[in-house]
Amino acid sequence: MLYYGAGWLVRGSSTLARDMGLTPMVVGLTVVAFGTSTPELVVSLVSAAKGKSMIALGNVVGSNICNIALVLGLTAVFQPVVTSRIVFTRDIPIMLAICAFLLLLSFNSMIGRVEGAVLFCGLIAYTWFNYKVAVHVDRATPASAGSASPSGGLVEKRWGQCLMIAGGTVAIVIGADLVVDAAVSVMSALGVNEKFVGLTVVALGTSVPELATSVVAAIKKEMDISLGNLVGSNVFNLLGVIGATAMVKPIVIPGGFIGSGLAVDYLVMMAISALLWLLMKRDLTITRKEGLILLGVYVAHVSFLILAS
């Protein structure tokens, strides 16, 4: 339900946005990027509302690790991923800076409503900046107008667009509720903590849209899904998902930021992001060999979590 719901939401809202005059590039940077991250947002909100704040926080950290180490690694194994220099010089450093800022915010073992509002305002600023850049690029290169149509085809009728948006939203909300309930059941059955479930099972579940889309694109050698989209999704998770969740209900870290081990998970997320930057430094490409390195890092990370739990 998370996978299909996200797909319906992206197709419906992308076509509606284009009909309203937004160019494909702007749609890709805003509607599509946010649509594929909706599962993380809704799952975290539902988790926080049910008093499972560590599932919400673990979901974001785990999804960000999953997007780079698993999704990008697996994609590069099928087809080397080439990206633009601006992602290397701007977007990845911004992602690393946000990770460091979130690390500082979490030291008191709580992310309150004010801190959540600061993070969410950061997302608004980041989106506005990308929107301005995209509009400028589109005006400079009109030939790009047809290069970023949403996957799965367009929905021509306005009622069809609204129906797809509504259906996708409902599917994601129901799917998120089922994921959280199932995660709590897994947690009880295996005797593991909320953080472990959020970092592994829930994170992988909410990353299914990115994983499926990227791997299928790699198999078809249609690398329209760039590294920038995954980095943008991570930025949305850090600013939008944690920000919105904390505004709805402050995120409390049981056992403390250090005692819970969450500080180590933050550092792993930052280390994998820095590794991505180092791998791209030479030729802005993630090769098959480097994809295997990222996959190995993900397997090592999950193995460590299992042993530690």
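Quantities reported herein were computed from a predicted structural model and do not represent experimental measurements.

Peer 1: What is the right way to look at the overall build of the protein chain in this model?
Peer 2: A count of helices and strands for the protein chain gives 12 helices and four strands. Among the 309 residues that make up the protein chain, the fraction classed as buried is 51%. For the protein chain, restricting intrachain contacts to residue pairs at least 6 apart in sequence, the fraction spanning at least 24 positions comes to 85%. Accessible surface, the protein chain: about 13400 Å² in total, of which carbon and sulfur atoms supply 71%.

Peer 1: Even after reading the chapter, I still don't get the pattern of salt bridges, so can you show me in this structure?
Peer 2: Using the criterion set out here, one finds five salt bridges in the structure. Across the pair Lys52 and Glu194 runs a salt bridge whose closest N-O atoms are separated by 3.9 Å. Linking Lys52 in the loop between helix H3 (38–49) and helix H4 (53–78) with Glu194 in helix H8 (residues 194–206), this pair joins segments that are 142 residues apart in sequence. Arg282 is the partner of Asp283 in a salt bridge, and the nearest nitrogen-oxygen pair spans 3.7 Å. Classification of Asp283 as partly exposed rests on a relative accessible area of 31%.

Peer 1: What am I meant to see in the packing of H4 against helix H11 (residues 262–280) here?
Peer 2: Think of two packed helices as two axes; the pair is described by the angle between the axes and how far apart they sit. Two elements in contact, H4 and H11, have axes whose closest approach is 10 Å; the angle formed by their N-to-C orientations is 25 degrees. Relative to H11, the element H4 is oriented roughly parallel. Between H4 and H11 lies a crossing of left-handed hand. Touching Met54, Leu57, Val61, Asn64, Ile65, Ile68, Ala69 and Leu72 of H4 are Leu262, Asp265, Tyr266, Val268, Met269, Ile272, Ser273 and Leu276, all from H11.

Peer 1: What is the right way to look at the environment of Asp283 in this model?
Peer 2: With respect to the secondary-structure elements, Asp283 resides in the loop between H11 and strand S4 (285–286). Each C-alpha atom of the pair Asp283 and Ser84 lies 10.0 Å from the other, and the pair is 199 residues apart in sequence.

Peer 1: Which parts of the structure should I look at to understand unusual backbone geometry?
Peer 2: Negative phi values dominate among residues other than glycine, just as trans dominates among peptide bonds. Residues other than glycine seldom take positive phi values, yet Ser109 does so here, at roughly 65 degrees. With respect to the element layout, Ser109 can be found in the loop between helix H5 (85–105) and strand S2 (110–111). For Ser109, a relative accessible area of 18% corresponds to the buried category.

Peer 1: Would you explain the side chain of His301 in this entry?
Peer 2: Topologically, His301 is positioned in helix H12 (residues 288–308). In this view, His301 contacts Ile65, Asp265 and Val268; residues no more than four positions away in its chain are not counted.

Peer 1: Is there a simple way to explain the packing of aromatic side chains in this structure?
Peer 2: Both the distance between ring centres and the angle between the ring planes are used here to describe each pair of aromatic rings. Following the criterion strictly, the structure yields four aromatic pairs and no others. Arranged with centres 6.3 Å apart and planes meeting at 35 degrees, the rings of Tyr4 and Trp8 form a pair that is tilted. With Tyr4 and Trp8 both in helix H1 (residues 2–19) and four residues apart, the pair spans about one turn of that helix. Geometrically, the ring pair formed by Phe107 and Phe257 is edge-to-face, given 5.4 Å between the ring centres and 75 degrees between the ring planes. Pair noted here: Phe107 is in the loop between H5 and S2 and Phe257 is in the loop between strand S3 (251–252) and H11, with a separation of 150 residues, a long-range link. The class for Phe107 is partly exposed, based on a relative accessible area of 47%. Phe257 sits in the buried class, given a relative accessible area of 1%.

Peer 1: I'm lost on H3 in this one. Help?
Peer 2: Each full turn of the α-helix corresponds to 3.6 residues, which orients residues three or four apart in the same direction. The end-to-end C-alpha separation of H3 is 16 Å, in line with the 16 Å expected for 12 residues at 1.5 Å each. Counting buried positions along H3 gives nine out of 12 residues, so the element sits mostly inside the fold. Of all the positions in H3, only Thr38, Pro39, Glu40, Val42, Val43, Ser44, Val46, Ser47 and Ala48 are classed as buried. Within two residues after H3, Gly51 carries a phi angle of roughly 80 degrees, on the positive side.

Peer 1: Looking at this structure, I do not really get the side chain of Glu194. What am I missing?
Peer 2: Glu194 gets classed as buried once you look at its relative accessible area, which sits at 18%. From its side chain, Glu194 meets the backbone nitrogen of Met54 in a polar contact 3.3 Å long. Dropping the residues within four chain positions of it, Glu194 is found in contact with Gly51, Lys52, Ser53, Met54, Ile55 and Met187.

Peer 1: Whenever I open this one, the packing of H3 against helix H10 (residues 227–248) confuses me. Can you help?
Peer 2: Relative to each other, H3 and H10 sit at 30 degrees, their axes nearing to 9 Å. Looking at the two axes, H3 sits roughly parallel to H10. Like other packed secondary-structure pairs, H3 and H10 cross with a definite hand, here right-handed. Here Glu40, Leu41, Ser44, Leu45 and Ala48 of H3 lie close against H10, whose contacting residues are Phe236, Asn237, Gly240, Val241, Ala244, Thr245 and Val248. Broken down by class, the residue content of the contact of H3 with H10 amounts to seven nonpolar, four polar and one charged.

Peer 1: Is there a simple way to think about the nonpolar core in this case?
Peer 2: The nonpolar side chains of soluble globular proteins are, as a tendency, buried together. Among the nonpolar cores identified, the biggest contains 74 residues, and Leu227, Tyr266 and Ile286 are the most heavily contacted of them. Those residues in contact with Ile286 that sit more than four places away from it in its chain are Leu72, Ala76, Pro80, Val81, Leu276, Leu279, Met280, Gly291 and Leu294.

Criteria and thresholds
- Residues numbered from 1 in each chain as written.
- Predicted model: local features only at pLDDT ≥ 70, side-chain atom pairs only at ≥ 80, totals over all residues.
- Heavy atoms only, no water.
- Helix = DSSP H or I, 4+ residues; strand = E, 2+ residues; numbered from the N terminus.
- Buried < 20%, exposed > 50% of the residue type's maximum accessible area, 1.4 Å probe, protein only.
- Contact = heavy atoms within 4.5 Å.
- Areas by Shrake-Rupley, 256 points an atom, 1.4 Å probe, with all protein chains shown as cover.
- Salt bridge = Lys/Arg side-chain N within 4 Å of Asp/Glu carboxyl O.
- Axes fitted to C-alpha atoms, helices over the stretch in contact; angles between N-to-C directions.
- Parallel < 35°, antiparallel > 145°, perpendicular 65-115°, else oblique.
- Left-handed = near helix turned anticlockwise from the far one by under 90°.
- Phe/Tyr/Trp six-rings, centres within 6.5 Å; stacked < 30°, edge-to-face > 60°.
- Expected span 1.5 Å × (residues − 1).
- Polar contact = N/O pair within 3.5 Å; in protein donor to acceptor, adjacent residues only side chain to side chain.
- Nonpolar A, V, L, I, M, F, W, Y, C, P; charged D, E, K, R; others polar.
- Core = buried A, V, L, I, M, F, W, Y, C linked by side-chain atoms within 4.5 Å.

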